[in-house]
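Secondary and tertiary structure notes
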Amino acid sequence: DARVTQTPRHKVTEMGQEVTMRCQPILGHNTVFWYRQTMMQGLELLAYFRNRAPLDDSGMPKDRFSAEMPDATLATLKIQPSEPRDSAVYFCASGLGYRGDEQYFGPGTRLTVT
Amino acid sequence: QKEVEQNSGPLSVPEGAIASLNCTYSDRGSQSFFWYRQYSGKSPELIMSIYSNGDKEDGRFTAQLNKASQYVSLLIRDSQPSDSATYLCAVNGGGSQGNLIFGKGTKLSVKP
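What counts and how
Residues numbered from 1 in each chain as written. Chains lettered and ligands numbered in written order. Predicted model: local features only at pLDDT ≥ 70, side-chain atom pairs only at ≥ 80, totals over all residues. Heavy atoms only, no water. Contact = heavy atoms within 4.5 Å. Buried area = accessible area lost by both parts, 1.4 Å probe. Salt bridge = Lys/Arg side-chain N within 4 Å of Asp/Glu carboxyl O. Polar contact = N/O pair within 3.5 Å; in protein donor to acceptor, adjacent residues only side chain to side chain. Nonpolar A, V, L, I, M, F, W, Y, C, P; charged D, E, K, R; others polar. Disulfide = S-S within 2.5 Å. Helix = DSSP H or I, 4+ residues; strand = E, 2+ residues; numbered from the N terminus. Phe/Tyr/Trp six-rings, centres within 6.5 Å; stacked < 30°, edge-to-face > 60°. Buried < 20%, exposed > 50% of the residue type's maximum accessible area, 1.4 Å probe, protein only.

1. A few points about the interface of chain A and chain B
- Contacts between chain A and chain B engage 23 residues on the former and 22 residues on the latter.
- Counting each side, the surface lost to burial between chain A and chain B is near 1,700 Å², with a carbon and sulfur contribution of 52%.
- Connecting chain A to chain B are zero salt bridges.
- The interface formed by chain A and chain B contains five residue pairs in polar contact (both at pLDDT 80 or more).
- Classifying every residue of the side of chain A that touches chain B by side-chain character gives 12 nonpolar, six polar and five charged.

Right under this line is the structure:
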């Protein structure tokens, strides 16, 4: 049963702490997307990779967020230092990355920064 | 800025009725269109994709695309309470990169 996995599923942390979220894309998918969802903004694209290379991270606050793909089976999103306004659900999605292709979402990481 | 617009709802329909969800997009160059369903507290789940003008049917779901009017819709026939969810319209962001632009979603409530 191919699916995207994400860890942790929930994270509560204090302002100023580092947060790392992990994603394992579906085997064979070469494109990975990071999204953030809030009630106010909806689903926002933060960054995405194809074949492990970053294609676009313009949606990401560069001063505190970073995204990497150390290998084809792992993508990470890091926030350092975290702030209360970062509280949201962070989704990873994977796909084959072509213009017509679908994306499949992981279960998300619900982040609360106090 | 490329945009995807949806009525936020809530859209309330009685069980057994047809639910009609609509979406407009700004980029005439968009080629791929998707509908995702998101239950409260869950992740978006792909339910339909459409690439050509006209209708595409899958079970109780029909997606309709009109590129000239930049309009995509989703019809749900014989609506069930289990269809109650937020429906997200997504459009490819242009070029060959594969990114999607999402609308903010329409909340559907199906009343028994």
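2. Quick notes on the state of the cysteines
All names here are of chain A.
- Under the criterion given, the structure shown has two disulfides over all chains.
- Linked covalently through their sulfurs, Cys 23 and Cys 92 form a disulfide whose S-S length is 1.9 Å. Every disulfide takes its handedness from the sign of the S-S torsion; for Cys 23 and Cys 92 that torsion is -55 degrees, giving left-handed. Of this pair, Cys 23 sits in strand S3 (residues 19–24) while Cys 92 is found in strand S9 (residues 88–95), placing the two residues 69 residues apart along the sequence.

3. Considering the packing of aromatic side chains
- Counted according to the given criterion, the structure contains 10 aromatic pairs over all chains.
- Ring geometry for A:Phe33 versus A:Tyr48: centroids 5.2 Å apart, planes at 25 degrees, classification stacked. On the criterion of sequence distance, the pair formed by A:Phe33 in strand S4 (residues 31–38) and A:Tyr48 in strand S5 (residues 42–50) is long-range, its members being 15 residues apart.
- Residue classification places A:Tyr48 among the buried positions, given a relative accessible area of 3%.
- Ring centres of B:Phe34 and B:Tyr51 lie 6.0 Å apart, and the angle between their planes is 85 degrees; on these two criteria the pair is classed as edge-to-face. Residue B:Phe34 is located in strand S4 (residues 33–38), and its partner B:Tyr51 is located in the loop between strand S5 (45–50) and strand S6 (54–58); the two are separated by 17 residues in the primary sequence.

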